[in-house]
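# What the coordinates show
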Amino acid sequence: MEIYLDPTQKAVKVANSMLQSKIFMEVTMGRPKMTGYEAHLHKVLYGRWKDMIDRCRRPKNPAYKNYGGRGISVCIEWLNFKEFEKWALSNGFEPRLTIDRIDVDGDYCPENCRWVTMKEQQRNRSNNHLITYKGRTLTISQWAEERNINHDTLFSRINKRHWEIGMALEYE
């Protein structure tokens, strides 16, 4: 896609017609042309940023009740995509990773965020069922993985059959 910019403008927002979506890419004057992979990286990162902003600031977003509605916000610095992009690229962003808040009740800010796999992120949810056994606290999924027990089997033993935790984890 060829983009012609008015030289008096510093940046314009150009609709990405290939995706036929409402996501806009910020195209900055003087920025070197991106390779295919760089453009893909930029587009994915911009989408993650836009989703983060929307779920915290737009009440019509279906996820707002779990983010902005609970008081979760995005730090002022990250309301600027370029600042967020700098942080993301210097902190391990890859398209396969998702942004995760270390403290699930904390805001989106450099001190509270990291890039993790979806599996890791699922372990950091506010509705996880945590099990403490022999002084260690893990989610059911973590215990199942560690003990090589099917997740559904362990879940059933604990939540449906009401087994003692030790028996549920140790039974073979």
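As a reminder, the structure under discussion sits directly above these lines.
Below is a summary of the structure that appears in this document. Predicted, not measured: the structure shown is a model, and the values here were computed from it. (Residues numbered from 1 in each chain as written. Predicted model: local features only at pLDDT ≥ 70, side-chain atom pairs only at ≥ 80, totals over all residues. Heavy atoms only, no water.)

### What to know about the environment of S73
Checked against the element boundaries, S73 lands in the loop between α1 (36–57) and α2 (81–90). S73 sits in the partly exposed class, given a relative accessible area of 31%. Here the alpha-carbon distance between S73 and Y108, two residues 35 residues apart in the chain, equals 6.2 Å. Not counting chain neighbours up to four residues away, the residues in contact with S73 comprise C56, D107 and Y108. (Helix = DSSP H or I, 4+ residues; strand = E, 2+ residues; numbered from the N terminus. Buried < 20%, exposed > 50% of the residue type's maximum accessible area, 1.4 Å probe, protein only. Contact = heavy atoms within 4.5 Å.)

### Quick notes on the packing of aromatic side chains
In the structure shown here, the tally under the stated rule is 12 aromatic pairs. Look at Y46 and W49: their rings are 5.3 Å apart centre to centre, the planes differ by 50°, and that puts the pair in the tilted class. Here the residue Y46 and the residue W49 both occupy positions in helix α1, the gap between them amounting to 3 residues, near one helical turn. Note on W49: relative accessible area 11%, which makes it buried. Ring centres 6.2 Å apart and planes at 65° place the aromatic pair F84 and W115 in the edge-to-face group. Taken together, the residues F84 in helix α2 and W115 in strand β4 (residues 113–116) connect sequence positions 31 residues apart. For the pair formed by F84 and W115, the shared burial category is buried. Ring pairing ties together the aromatic residues W78, F84, W87, F93 and W115, which thus form one cluster. Across from the ring centre of Y67, 5.1 Å away, lies the NZ or CZ of R55, which sits over that ring. (Phe/Tyr/Trp six-rings, centres within 6.5 Å; stacked < 30°, edge-to-face > 60°. Lys NZ or Arg CZ within 6 Å of the ring centre and 35° of its normal.)

### Quick notes on the pattern of salt bridges
Under the definition given, this model contains 9 salt bridges. As a salt-bridge pair, D105 and R70 come within 2.9 Å of each other at their nearest N and O atoms. In this pair, D105 is assigned in the loop between β3 (98–101) and β4 and R70 in the loop between α1 and α2, connecting sequence segments 35 residues apart. R70 gets classed as partly exposed once you look at its relative accessible area, which sits at 38%. Connected via shared salt-bridge partners are K50, D54 and R58. (Salt bridge = Lys/Arg side-chain N within 4 Å of Asp/Glu carboxyl O.)

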